[in-house]
Amino acid sequence: MSSTNTSTFTPAIFDKAGIPQQLLWGYIGIMIFMMGDGIEQGWLSPYLVDHGMSVQQSATLFTAYGITIAISAWFSGVLAEGYGVKRTMLGGLLLYIAGTIGFVGFGMPELNFPVMLLTYALRGFGYPLFAYSFLVWIAYSSPKHQLGRAVGWFWFVFTGGLNVLGAYYSSWAIQRFGHLNTLWTSLFWALLGAFFALVLNKGSVKGTAPAQSKVEELIKGLTIVKEEPKVLLGGIVRIINTTAQFAFPVFLPMYMARHGFDTSQWLQIWGTIFTANIAFNLIFGFVGDRLGWRNTVMWFGGMGCAVTTLLFYYAPQIWENSFWMTMTAGVLWGAFLAGYVPLSALVPSLVKKDKGAAMAILNLGAGLPVFVGPAIVGLFIGMVGEAGVIWILAILYAISAFLTRFITLPDNAKTNINLSHASIDHSAVS
């Protein structure tokens, strides 16, 4: 009797939490893999500059890395659709391993810039193919009534691994292993994450396209926006979602320093923002399934970020350089940033098939802010100053809320809960 109760109780826990039980190991694998990928985020640029590279060279290195991330993010959805999720994730793992070996083994020891540029860019292809392909798996495998929560859990493990665990582990490992050896350990975490996601996690989404139409499947990653223009709107909203996240670090640390916050305090604020963000990734997954995916993105994500972006900037002025009030304003921005989480449920639900192509546009939107954010700062800060850039970012968030109003599901449903679960192509799931 007790074993029966246990066997029925455990799936009920996962169902209430919104985690597809068959994907549990995959979620764990994504978090571990992204922890390895995030090892160098907080210290690589100053390390390179301290060892003789110019700031321009460091910026070029990260630009090349960002370009390949954006390209790979777009390919992840259509490759997962055409070739299968596990094959695409395995391809991402292999590219990540090859890039890491080249970068750490041949580029970093002598700071050989051409080698570093090539191999770090190659490494950039890795994590989007591995992680974002898993979103396609989620889209095909999750019951519609809990899809918002399922993608919320994805962004929880993704951000938790990349921005939180990676930073904490790195701060510990550098003291014990040194910088280069810490980078080498990223291979261990990537392989361990792949073991959980590809070996322990059973089943997959098989490629749905016949061999002769693989190229057509890739092209669908572009033509899908013509067949369903709402997917394009979703991609634009996704770009706006994290544009400020990549714009803020370009100029806000200097702004905060003029208001009395040193580098350590700024990093505490920035780290706390994303600690709150991963928690609200889950909360807004639940909220989206209750109040509607579109409503959540529109009001909490778009309008919430529009208001809190301004609040975060003006907090040191309003509260006379108060660290805790500035921290609170930043945490509010990070919380509302998670209001966009249901977008990963909303966009693939716009189409009955070719969900991978729809996710490709969404994933491209996740990669492009790496350039769009710094570009906005570079283009406008000389003309309108820091406050002007903040207002541009806030207005963009308001525009995203306006655009989301037009991303309506079939029958204008609040969520996709009213659509038949049978509309998902279950023949693609093994």
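Not measured: the values here are computed from a predicted model.

Cut-offs used in this document
Residues numbered from 1 in each chain as written. Predicted model: local features only at pLDDT ≥ 70, side-chain atom pairs only at ≥ 80, totals over all residues. Heavy atoms only, no water. Helix = DSSP H or I, 4+ residues; strand = E, 2+ residues; numbered from the N terminus. Buried < 20%, exposed > 50% of the residue type's maximum accessible area, 1.4 Å probe, protein only. Contact = heavy atoms within 4.5 Å. Areas by Shrake-Rupley, 256 points an atom, 1.4 Å probe, with all protein chains shown as cover. Phe/Tyr/Trp six-rings, centres within 6.5 Å; stacked < 30°, edge-to-face > 60°. Lys NZ or Arg CZ within 6 Å of the ring centre and 35° of its normal. Core = buried A, V, L, I, M, F, W, Y, C linked by side-chain atoms within 4.5 Å. Salt bridge = Lys/Arg side-chain N within 4 Å of Asp/Glu carboxyl O.

Student: Looking at this structure, how should I read the overall build of the protein?
Tutor: Assigned secondary structure in the protein consists of 17 helices and zero strands. Of all 430 residues assigned to the protein, the portion counted as buried reaches 55%. Long-range pairs, those at least 24 residues apart, make up 86% of the contacts in the protein between residues at least 6 apart in sequence. When the accessible surface of the protein is totalled, it reaches about 17600 Å², and 68% of it is carbon and sulfur.

Student: Sorry, what's going on with the packing of aromatic side chains here?
Tutor: Two measures describe an aromatic ring pair: the distance that separates the ring centres and the angle between the ring planes. One pass over the full model with this rule turns up 36 aromatic pairs. Relative to Trp189, the ring of Tyr169 has its centre 5.5 Å away and its plane inclined at 80°; by these criteria the two rings are edge-to-face. Here Trp189 lies in helix H9 (residues 179-200) and Tyr169 lies in helix H8 (residues 147-177), a separation of 20 residues in the sequence. Exposure class is identical for Tyr169 and Trp189. Each is buried. An aromatic cluster is present here, built from Phe248, Trp266, Trp270, Phe274, Phe312 and Trp333 joined pairwise through their rings. Positioned above the aromatic ring of Trp155 is the side chain of Arg238, whose terminal nitrogen or guanidinium carbon lies 5.3 Å from the ring centre.

Student: Before we go on, may I ask you to explain the nonpolar core in this structure?
Tutor: As a rule of thumb, soluble globular proteins bury nonpolar side chains together. Ranked by size, the top nonpolar core spans 122 residues in total, and within it Tyr27, Ile138, Phe154, Phe248 and Trp333 carry the most contacts. At 14 residues, H8 tops the list of elements feeding residues into this core. Contacts of Trp333, omitting those with residues within four sequence positions, involve Ala244, Gln245, Phe248, Trp270, Ile273, Phe274, Cys305, Thr308, Thr309 and Tyr397.

Student: I keep staring at the pattern of salt bridges and nothing clicks. Help me out?
Tutor: If you walk through the whole model with that rule in mind, you get three salt bridges. Residues Glu40 and Arg123 are paired through a salt bridge, measuring 2.8 Å at the closest nitrogen-oxygen approach. In this pair, Glu40 is assigned in the loop between helix H2 (24-37) and helix H3 (44-50) and Arg123 in helix H6 (residues 113-124), connecting sequence segments 83 residues apart. Taken as a pair, Glu40 and Arg123 share a single burial class, namely buried. Between Arg258 and Glu386 there is a salt bridge, and its shortest N-O distance comes to 2.4 Å. One end of the pair, Arg258, is in helix H11 (residues 229-258); the other, Glu386, is in helix H17 (residues 369-404), and 128 residues separate them in sequence. Here Arg258 falls in the exposed class, since its relative accessible area comes to 54%.

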